[in-house]
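# Residue-level structure breakdown
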Amino acid sequence: SPAVPSTFDTPVSASGFISTDSNITASGNISSSGEIRSATMKVGTPIAVGATSLTGSLFVKADANGHAIAIEEAGTGNERYTIGVNTVGALTFTNVASDTPTLTIGDNNKVGIGTTAPTALLEVRGDSQPLAMFSGSSYTIEFDHAGQEKFDLSHGTSGLYFRKSNVILAGVTQNHDFSVFDSSGTGYANFDGSAKKVHIGGNLTSAPPATLHLSGS
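Treat the numbers as computed from the prediction; the structure is a model and nothing was measured. Residue numbers here run from 1 along each chain, matching the order of that chain's written sequence. It should be noted that, the model being predicted, local features are given only for residues of pLDDT at least 70 and side-chain atom pairs only at 80 or more, the latter also being counted only at that level, while totals for whole chains, interfaces and linings use all residues. Each side-chain value is derived from all of the structure's non-hydrogen atoms; neither hydrogens nor water enter the calculation.

### Concerning the overall build of the chain
The secondary structure content of the chain amounts to zero helices and 20 strands. The cut-offs for exposure are 20% and 50% of the maximum accessible area for each residue type, with area from a 1.4 Å probe on protein chains only; residues under the lower value are buried, those over the upper are exposed, and the others partly exposed. Classification of the 217 residues of the chain by burial places 19% in the buried group. Residue burial considers only the protein chains on display, and all accessible areas are found by Shrake-Rupley using a 1.4 Å probe. When the accessible surface of the chain is summed, it comes to about 15,400 Å², and 55% of that surface belongs to carbon and sulfur atoms. Strands here are runs of E lasting at least two residues and helices are runs of H or I lasting at least four, both read from the DSSP assignment and numbered beginning at the N terminus.

In structure tokens, the structure reads:
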């Protein structure tokens, strides 16, 4: 193949491969209808100490706004997102239309959705409905503290329940009732939301005859 110079000060265009055994430096554009191959490629000038020897095949320097890689939708191209690292070292995924990061991974390894400064492992913020969970079956959110009891919120077909080690402690049913359970998971108090009555004791399946009904010894 013909010799290729390693330095260009004008745009370079090729319909085939560009091959050279040395570095290619260009102050203009390099375009190809074929492929441009490189064992490693750097876009932009690294400024961090040691950045010139980063491992990996592709290095991209973010601009002053923290944008490094732009991704455009198929078709009309009206929607664009960028991936980059901002000036405080956070990895961001940004909708170019609003120029506000949709998702941020801070240099403290914490993830923010709707916030660019997450203070928890996962922080979600929003104006109206920041977080929604949908499932075709039951689902559970667990709270597991190492060396301590495990609690969870369980949403089944009959209501939402607060549990300890899979034993129900309290819950709200689809009938607007609030119930409290003993250590074996048996209900002993029920606040009837429909009848506006309270039943404490046994046989909670029956409707309480009075506003406050106590049963048992």
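### Description of the sheet that holds strand E16 (residues 167-173)
Here a strand pair is declared whenever DSSP counts at least two bridges between the two strands. Pairing is mixed in the open sheet, where eight strands are placed in the order E13-E14-E15-E16-E17-E18-E19-E20. Of all the strands in the sheet, the pair left with one neighbour each is strand E13 (139-144) and strand E20 (212-214). Direction aside, the axes of adjacent strands within the sheet are offset by 10° on average. Here E16 runs beside strand E17 (residues 178-181); their pairing, made up of three bridges, is antiparallel. Interaxial angles span 0 to 180 degrees and are taken between N-to-C directions of axes, which are lines fitted to C-alpha atoms, for helices over the stretch in contact.

### Description of the confidence of the model for the chain
Confidence along the chain averages 82 in pLDDT terms, with 84% of residues attaining 70 or more. Confidence of the predictor in every single residue is expressed as pLDDT, which spans 0 to 100. For the chain, per-element mean pLDDT is lowest for strand E1 (residues 7-8), which scores 62, and highest for strand E11 (residues 111-113), which scores 94.

### Quick look at the packing of aromatic side chains
Pairing of aromatic rings covers Phe, Tyr and the six-membered ring of Trp, with a centre-to-centre limit of 6.5 Å; geometry is then stacked below 30 degrees between planes, edge-to-face above 60, and tilted otherwise. Under the definition given, this model contains three aromatic pairs. Residues Phe178 and Phe191 carry aromatic rings whose centres are separated by 6.0 Å and whose planes lie at 45° to one another, so their mutual orientation is tilted. You can see Phe178 sitting in strand E17 and its partner Phe191 sitting in strand E18 (residues 187-192), a full 13 residues away along the chain. The exposure class of Phe178 is partly exposed, given its relative accessible area of 36%.

### Looking at the sheet that holds strand E12 (residues 122-124)
To summarise the sheet geometry, strands pair through backbone hydrogen bonds and adopt either a parallel or an antiparallel arrangement. Across the sheet, which stays open at both edges, the six strands sit in the order E7-E8-E9-E10-E11-E12 with mixed pairing between neighbours. Every other strand in the sheet has two partners, leaving strand E7 (69-72) and E12 as the edge strands with one partner each. Strand after strand, the sheet turns through a mean of 20° between neighbouring axes, direction not considered. The sheet contact formed by strand E9 (residues 91-95) and strand E10 (residues 100-105) spans five bridges and is antiparallel. Following the sheet pairing, Thr94 is matched in E10 by Pro101.

### With respect to the pattern of salt bridges
Whenever Lys or Arg places a side-chain nitrogen within 4 Å of a carboxyl oxygen from Asp or Glu, that contact is recorded as a salt bridge. Taken as a whole, this structure holds four salt bridges when the rule is applied. Among the ionic pairs, Arg125 bridges to Glu123, the shortest N-O distance being 2.5 Å. The exposed category is assigned to Arg125, whose relative accessible area is 53%. Here Asp152 makes a salt bridge to Arg163, at a shortest N to O gap of 2.8 Å. Of this pair, Asp152 sits in strand E14 (residues 150-155) while Arg163 sits in strand E15 (residues 159-164); the two residues are eleven residues apart in sequence, bridging distant segments of the chain. The residues Asp152 and Arg163 share a single accessibility class, namely buried.

### Things to note about the environment of Thr102
Position of Thr102 among the secondary structure elements: in strand E10. Assessed through its relative accessible area of 39%, Thr102 is described here as partly exposed. Once the C-alpha coordinates of Thr102 and Tyr81 are considered, the two residues, 21 residues apart in sequence, prove to be 9.4 Å apart. Setting aside residues up to four positions removed in sequence, Thr102 forms contacts with Tyr81, Phe93, Thr94, Asn95, Gly112, Ile113 and Gly114. Pairs of residues are marked as contacts when any of their non-hydrogen atoms sit within 4.5 Å.

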